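In case you want the letters, here they are:
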Amino acid sequence: MQIGLVGLGRMGGNIVRRLIAKGQHKVVVYDTNSKSVNDLAGDGATASTSLDDLVRKLDAPRIVWVMLPSGKITEDTIAALGRILQSGDTIIDGGNTFWQDDVRRARELKERDIHYVDVGTSGGVWGLERGYCMMIGGETEIVKRLDPVFRTLAPGLGDIPRTAGRDGRDPRAEQGYIHAGPNGAGHFVKMVHNGIEYGLMQAYAEGFDILKNAGIDALPPEHRFDLNIADIAEVWRRGSVVSSWLLDLTASALAKNETLENYSGFVEDSGEGRWTINAAIDEAVPAEVITAALYARFRSRKDHTFAEKILSAMRHGFGGHTEPPVKSSREAR
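Predicted, not measured: the structure shown is a model, and the values here were computed from it. (Residues numbered from 1 in each chain as written. Predicted model: local features only at pLDDT ≥ 70, side-chain atom pairs only at ≥ 80, totals over all residues. Heavy atoms only, no water.)

A. Just the overall build of the protein chain, in detail. Summing up its helical and strand segments, the protein chain has 15 helices and 8 strands in all. Taking 2.2 N^0.38 as the reference for a compact globule, 333 residues should give roughly 20 Å; the C-alpha atoms of the protein chain span a radius of gyration of 22 Å, in line with that estimate. Across its three principal directions, the C-alpha atoms of the protein chain cover 75 × 50 × 40 Å. A total of 333 residues make up the protein chain; the buried ones form 47% of that total. (Helix = DSSP H or I, 4+ residues; strand = E, 2+ residues; numbered from the N terminus. Rg over C-alpha atoms; globule rule 2.2 N^0.38 Å. Buried < 20%, exposed > 50% of the residue type's maximum accessible area, 1.4 Å probe, protein only.)

B. Quick look at the pairing of strand 1 (residues 2-6). Within strand 1, 4 of the 5 residues are buried, leaving the element largely enclosed by the surrounding structure. Pairing of strand 1 with strand 2 (residues 26-30) involves 5 bridges; the strand directions are parallel. Bridge pairing links Val6 to Tyr30 in strand 2. A crossover connection joins strand 1 to the parallel strand 2 through helix 1 (residues 10-21); in handedness this β-α-β unit is right-handed. (Pairing = 2+ DSSP bridges. Right-handed = clockwise from strand over helix to strand, strands pointing away.)

C. Structural context of the environment of Leu54. Residue placement: Leu54 occurs in helix 3 (residues 51-56). Exposure remark for Leu54: the relative accessible area of 0% places this residue in the buried category. Expressed as a C-alpha distance, the spacing of Leu54 and Val64, which sit 10 residues apart in the sequence, is 8.9 Å. Non-local contacts of Leu54, meaning those with residues more than four positions away in its chain, are made with Gly4, Leu5, Val6, Val28, Val29, Tyr30, Ser48 and Val64. (Contact = heavy atoms within 4.5 Å.)

D. Structural view of the nonpolar core. Ranked by size, the top nonpolar core spans 29 residues in total, and within it Val16, Trp65, Met134 and Phe150 carry the most contacts. Looking at this core, the element that brings in the most residues is helix 1, giving 4 residues. (Core = buried A, V, L, I, M, F, W, Y, C linked by side-chain atoms within 4.5 Å.)

E. Looking closely at the side chain of Arg105. Within the element layout of this structure, Arg105 appears in helix 5 (residues 99-110). Take Arg105: its relative accessible area is 3%, and that puts it in the buried class. A distance of 3.0 Å separates the side chain of Arg105 from the side chain of Asp93, its partner in a polar contact. Those residues in contact with Arg105, other than ones at most four positions away along the chain, are Thr74, Glu75, Ile78, Asp93, Thr97 and Tyr116. (Polar contact = N/O pair within 3.5 Å; in protein donor to acceptor, adjacent residues only side chain to side chain.)

F. Representation of the sheet that holds strand 4 (residues 63-66) within the structure. Strand order in the open sheet made by the 8 strands is 3-2-1-4-5-6-7-8, with mixed pairing throughout. A strand with exactly one partner marks an edge of an open sheet, and here the two such strands are strand 3 (46-47) and strand 8 (177-181). Strand direction decides the pairing type here: strand 7 (residues 133-137) and strand 8, joined by 4 bridges, are parallel. Note on strand 8: the bridge partner recorded for Gly137 is Gly181. With respect to the sheet, helix 4 (residues 72-84) is in contact with strand 1, strand 4, strand 5 (90-93) and strand 6 (115-122), its orientation differing from that of strand 5 by roughly 170 degrees. (Axes fitted to C-alpha atoms, helices over the stretch in contact; angles between N-to-C directions.)

G. How the structure looks around the environment of Val6. Position of Val6 relative to the elements: it lies in strand 1. A sequence separation of 254 residues divides Val6 from Leu260, and the C-alpha atoms of the two residues are 36 Å apart. Excluding anything up to four places from it in sequence, Val6 contacts Tyr30, Leu51, Leu54, Val64, Trp65, Val66, Met67, Leu68 and Thr77.

H. Just the packing of aromatic side chains, in detail. Taken as a whole, this structure holds 7 aromatic pairs when the rule is applied. Each residue in the set Phe98, Trp99, Phe188 and Trp275 is aromatic and connected to the rest through ring pairs, giving one cluster. A cation over a ring is seen here: Arg297 above Tyr198, with NZ or CZ 3.8 Å from the ring centre. (Phe/Tyr/Trp six-rings, centres within 6.5 Å; stacked < 30°, edge-to-face > 60°. Lys NZ or Arg CZ within 6 Å of the ring centre and 35° of its normal.)

Structure representation (structure tokens):
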């Protein structure tokens, strides 16, 4: 299948590489960074110099996947594509877009008979190797037509044990992607996924902070423990009920530097946690853990604890997220 991809950052570039590596798809690429375009052209993609040029190089009905940061740049790019593309073409937004924007865009593009698909994409910088978990919103027939692309990007069954009792259910979920529902549903499910991620990360972070401080002078001598945090993270990976990919990333970071002094502890939020909490308010659903986890990230921007360094390490591990440089003690005064 032929597809265009706009936005060749960490995830966008790897999506292109995974599609090409499987040998089943031809990808036309565009980014304002010409080096990124040229690098991927060297890997087998077809380079383009503008959105117009990208669209000209695609055969109808065209498919254009936009993989850009949420906000104005995505909004402007999709609006521009909407003016260039023709009846029957499809725009896919695979970034972290607010789901209500998807509903609006789909309605606006439908007036020009252009299809819109929203894809909540999880996998971070590891997606090229591991594959991408995808939560998809859009028209049933259009999503079905795009299935070869999603199937290639998805992780597949891998070595994860199959879930008992799934006979007769949609087999795509076992492959690592689902058609969640109409426009907006894909990013809605991904939004809640990220909200849960906030809570999981915060629980790990707080737990490791408690372990680290188990030997402080404020405790009675007989209640103090000098614990090896890196080894605890490693042993929990092996058969523990709290094992997970997030724990894998934490263990890796602690093995390299148990004090995590290379992380500032300043933890950003992408907006997904806020949107999840707003949805919980609209639905009158209690969301104490996710809300507290978001507030903890706000706090991290003023006062950094070891827990915040754990959060920073996890975010860097799965998404390559950068943060302010670590200040020396003199600079921090």
